[in-house]
Amino acid sequence: GYCGQCRKVVESRAPEQPPAADLPHAQLGLNALATAAVMRVCYRLPFRQITKLFKHLPGLSISPGAIVKQIKRLGDWLEKQYHRLKLSLRIAGVVHADETGWRTDGKNGYLWTLTNADHTVYHVDSSRARKVIVELLGKAFGQTSDQTLVSDFYSVYDHFDSHQQKCLTHLLRELRDTVTKRPELAGHAFFITCKRLVKSMLKLKSQHATMEKDKYHAAVQRHEDRLETLSQRIWNDADADRLTKRIRKHRDSLTTFLHKPHVDGTNNAAERAIRPAVIMRKITGGSRSRAGAKAWSILASVMRTAEQQGRDVLQTIKTLLQAEWAGKNIALLTDTI
């Protein structure tokens, strides 16, 4: 209200009260802001549905445009936490990476995903080039021998000098799809041998904890020898030779998981992380602006990470917002850095 003595408009402050908003005649509080973000990101509700829920349940009247504006403000407030998540992944021992299509303002782009057991980062970009993944992971990633990047066979990931593990599920899927297109290859020696070998490697990894150490290493060596032999064959078939060339190129990146206990032979972790975003894309068609895409990436990264760590997502958002408003840079989701 207006203070006649100070001759200016003053506003009371409280720890749970956000900075002054530019909403006309009103201001959303901590609970409304955090709830709107969770409904949008976790439950993927359209903005008009969010406004209806606010109207029907707490009796709060607010327009869809106002929700959009507040979501962007939330993204700005939590951007420091987003950068901390990127730093956590840059020093992580194992990182899974993947990308998929994402439209922003009606233009085609890409959604990049980086994840491990405890953290996830989403990033929307117009490019699918190498520079994007280098910016996300940092140029220094992989310079220590204990870091491993797990990905599909997309060539941009080969830029890093780190140990790599190529997704064996993608290889099996490629074998299956090729046979579907050309049924006559179902009995081809390459496709039968390669499929059996890949499945055998995945099974061997599942037995790592129960097998004797010497016996396990001997079995790993046999599988690597078989893979090497397979990669040197010439089949005089375009598809068989194409996939053989891929195996030969990524030979060392197909068995890394057999030597490192904490590395998976598949990229399922990244695919699980990217699945909610794909559903969001189907519902919304993507983002209407770059600012909206950025805000969604930040909020989705923070909420996905909170879920991975078994935290209450709504309470986590509230805690991080209050810390930001108070000028505190807490490491709630990234206590390792």
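Before any of the text, the structure's been laid out above.
Residues numbered from 1 in each chain as written. Predicted model: local features only at pLDDT ≥ 70, side-chain atom pairs only at ≥ 80, totals over all residues. Heavy atoms only, no water.

Let us now look at the pattern of salt bridges. With the rule as written, the count across this model stands at 12 salt bridges. Salt-bridge contacts for Arg-128 lead to Glu-99; the nearest nitrogen and oxygen are separated by 2.7 Å. Of the two residues, Arg-128 is situated in the loop between β5 (120–125) and α5 (130–137) and Glu-99 in strand β3 (residues 94–104); the sequence distance between them amounts to 29 residues. Looking at Glu-99, the relative accessible area reads 8%, which means it is buried. Between Arg-182 and Asp-239 there is a salt bridge, with its nearest N and O atoms 2.9 Å apart. In this pair, Arg-182 is assigned in the loop between α6 (168–181) and α7 (189–206) and Asp-239 in helix α9 (residues 238–249), connecting sequence segments 57 residues apart. The class of Arg-182 is partly exposed, set by a relative accessible area of 24%. Within this structure, Glu-174, Arg-182, Glu-184, Asp-237, Asp-239 and Arg-242 form a network of salt bridges that share partners. (Salt bridge = Lys/Arg side-chain N within 4 Å of Asp/Glu carboxyl O. Helix = DSSP H or I, 4+ residues; strand = E, 2+ residues; numbered from the N terminus. Buried < 20%, exposed > 50% of the residue type's maximum accessible area, 1.4 Å probe, protein only.)

What follows deals with the side chain of Thr-266. By secondary structure assignment, the location of Thr-266 is in the loop between α10 (256–259) and α11 (268–284). At a separation of 3.2 Å, a polar atom in the side chain of Thr-266 contacts the side chain of Asp-264. Within the structure, the side chain of Thr-266 is placed 3.1 Å from the side chain of Asn-268, a separation counted as a polar contact. Apart from residues lying up to four places away in sequence, Thr-266 is in contact with His-96, Val-150, Cys-167, Leu-168, Thr-169 and Leu-202. (Polar contact = N/O pair within 3.5 Å; in protein donor to acceptor, adjacent residues only side chain to side chain. Contact = heavy atoms within 4.5 Å.)

Next up on the list: the packing of helix α4 (residues 79–90) against helix α12 (residues 290–308). Contact pair α4 / α12: the axes reach a minimum separation of 9 Å and the direction vectors enclose 60 degrees. Pair α4 / α12 crosses with left-handed handedness. Across the interface between the two elements, Glu-79, Gln-81, Tyr-82 and Leu-85 from α4 touch Lys-294, Ser-297, Ile-298, Ser-301, Val-302 and Thr-305 from α12. When the residues that make up the contact of α4 with α12 are grouped by side-chain class, the tally is four nonpolar, four polar and two charged. (Axes fitted to C-alpha atoms, helices over the stretch in contact; angles between N-to-C directions. Left-handed = near helix turned anticlockwise from the far one by under 90°. Nonpolar A, V, L, I, M, F, W, Y, C, P; charged D, E, K, R; others polar.)

On to helix α1 (residues 30–41), then. Its 12 residues place the ends of α1 17 Å apart at the C-alpha level, agreeing with the 16 Å of an ideal helix rising 1.5 Å per residue. Where burial is concerned, most of α1 is hidden: 10 out of the 12 residues are buried. Within α1, burial applies to Leu-30, Ala-32, Leu-33, Ala-34, Ala-36, Ala-37, Val-38, Met-39, Arg-40 and Val-41. (Expected span 1.5 Å × (residues − 1).)

Next up on the list: the sheet that holds strand β6 (residues 148–151). The mixed open sheet is built from five strands, whose spatial order is β5-β4-β3-β6-β7. In this open sheet, the two strands that pair with only one neighbour each are β5 and β7 (163–166). Direction aside, neighbouring strands of the sheet carry axes that sit 25 degrees apart on average. As paired strands, β3 and β6 are joined by three bridges and run parallel to one another. Of the residues in β6, the one forming a bridge with Val-95 is Leu-149. Contacts from α12 reach β3, β4 (107–115) and β5, with the element oriented near 165 degrees to β5. (Pairing = 2+ DSSP bridges.)

Moving on, we get to the side chain of Lys-260. Checked against the element boundaries, Lys-260 lands in the loop between α10 and α11. Here Lys-260 occupies a buried position and makes no salt bridge, while the nearest side chain of opposite charge, Asp-146, is found at 6.7 Å. For Lys-260, the residues in contact, after removing those within four places along its chain, are Ser-145, Asp-146, Gln-147, Thr-148, His-163 and Lys-205. (Lys, Arg positive; Asp, Glu negative; His and termini not counted.)

With respect to the helices, strands and loops of the structure, Lys-131 is situated in helix α5. For Lys-131 and Leu-30, which are 101 residues apart along the polypeptide, the C-alpha to C-alpha distance reads 37 Å.

The next subject is the packing of aromatic side chains. Under the criterion given, the structure shown has eight aromatic pairs. Ring geometry for Phe-141 against Phe-160: centres 5.8 Å apart, planes inclined by 85 degrees, an arrangement best described as edge-to-face. Placement of Phe-141 in the loop between α5 and β6 and of Phe-160 in the loop between β6 and β7 is noted, with a sequence separation of 19 residues between them. Each of the two residues, Phe-141 as well as Phe-160, counts as buried. (Phe/Tyr/Trp six-rings, centres within 6.5 Å; stacked < 30°, edge-to-face > 60°.)

Separated by 57 residues in the primary sequence, Arg-182 and Asp-239 have C-alpha atoms spaced 9.5 Å apart. Engagement of the side chain of Arg-182 in a polar contact is seen with the side chain of Asp-239, the distance being 2.9 Å.

This next bit is on the pairing of β3. Most of β3 sits inside the fold, with nine of its 11 residues counted as buried. When β3 meets β4, the two strands line up antiparallel, connected through nine bridges. Within the sheet, the bridge partner assigned to His-96 lies in β4 and is Thr-115. Joining the antiparallel neighbours β3 and β4 is a turn of two residues, in which Asp-105 adopts a positive phi near 55 degrees.

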